[in-house]
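# Breakdown of the fold
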Amino acid sequence: PADYAAEKPVLDLKTYFNGELVAHGLFTDRQGKVARRFVVQMTGSWQGNQGVLDERFTYSDGAIERRVWRLTDEGGGRWRGMRWAWPRAWPRATR
């Protein structure tokens, strides 16, 4: 973290993940060949230090996945996140 402390602009998760967002990505194999592509549509919303990031993935092979993050700004640059993923529906705590 100290390596990036002086970077500008400062990444503000509450601003960046607020409202509607779309991202595109891909996975490659060990030889660098594209193995799978995806589009993710995201919706972020905030109330105080609590946020929800709802991610909806569509993969090039037709698979779909949904991840909903419950985010908490703990202050001092620390965040707590809990994720639910569908079709798998068990929570995963991350920190």
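Quick note: structure is the one above.
The structure contained in this document is the topic of the report that follows. Chains are numbered independently. Their residues run from 1 in the order of the written sequence. For a predicted model such as this one, the threshold for reporting local features is a pLDDT of at least 70, and the threshold for listing and counting side-chain atom pairs is 80 or more; totals across whole chains, interfaces and linings nevertheless cover every residue. Calculation of side-chain values draws on the structure's entire complement of heavy atoms; hydrogens and water are dropped beforehand.

The next thing to look at is the overall build of the chain. Counting from the N terminus, the helices are DSSP H or I runs at least four residues long and the strands are E runs at least two residues long. Helix and strand content of the chain: one helix and six strands. Starting at the N terminus and walking to the C terminus, you meet the elements of the chain as α-β-β-β-β-β-β. Using a 1.4 Å probe on the protein chains alone, a residue whose accessible area is under 20% of its type maximum counts as buried, one over 50% counts as exposed, and one in between counts as partly exposed. By residue count, 22% of the 95 residues in the chain fall in the buried class. Intrachain contacts of the chain at a sequence separation of at least 6 include 17% that bridge at least 24 residues. Note on definitions: a residue-residue contact is assigned when non-hydrogen atoms from the two residues lie within 4.5 Å.

Looking at the element boundaries, S60 is found in the loop between strand 3 (50-59) and strand 4 (64-75). Considered as a pair, S60 and L26 are 34 residues apart in the sequence and their alpha carbons are 9.3 Å apart. Residue contacts for S60: discarding those within four places in its chain leaves R36 and R37.

Two rings from Phe, Tyr or Trp (for Trp, the six-membered ring) form a pair when their centres are within 6.5 Å of each other. A pair whose planes differ by under 30 degrees is stacked, one over 60 is edge-to-face, and the rest are tilted. Taken as a whole, this structure holds six aromatic pairs when the rule is applied. Both rings, one in F38 and one in Y59, keep their centres 6.0 Å apart while their planes meet at 55°; by these two values the pair is tilted. Linking F38 in strand 2 (residues 34-47) with Y59 in strand 3, this pair joins segments that are 21 residues apart in sequence. Judged by relative accessible area, which is 8%, Y59 ranks as buried. Ring centres of F57 and Y59 lie 5.9 Å apart, and the angle between their planes is 10°; this geometry places the pair in the stacked category. The pair formed by F57 and Y59 is uniform in burial state, with each residue classed as buried. One aromatic cluster is present, formed by F27, F38, F57 and Y59 through successive ring pairs. Charge over a ring is defined by NZ of Lys or CZ of Arg lying within 6 Å of the ring centre and within 35 degrees of the ring normal. Just above the ring of Y59 sits the side chain of R36; from NZ or CZ to the centre is 3.8 Å. A cation sits over an aromatic face here: R67 above F57, 4.5 Å from the ring centre.

Our focus in this paragraph is the nonpolar core. Residue types Ala, Val, Leu, Ile, Met, Phe, Trp, Tyr and Cys, when buried and joined through side-chain atoms within 4.5 Å, form a set referred to as a nonpolar core. By size, the foremost hydrophobic cluster in this structure holds 10 residues: F17, F38, V40, M42, W46, L53, F57, Y59, W69 and L71. Counting only elements with at least two residues in this core, the list comes to strand 2, strand 3 and strand 4. Setting aside residues up to four positions removed in sequence, F17 forms contacts with M42, G44, S45, W46 and L53.

No statement about biological role is implied by the geometric values presented.
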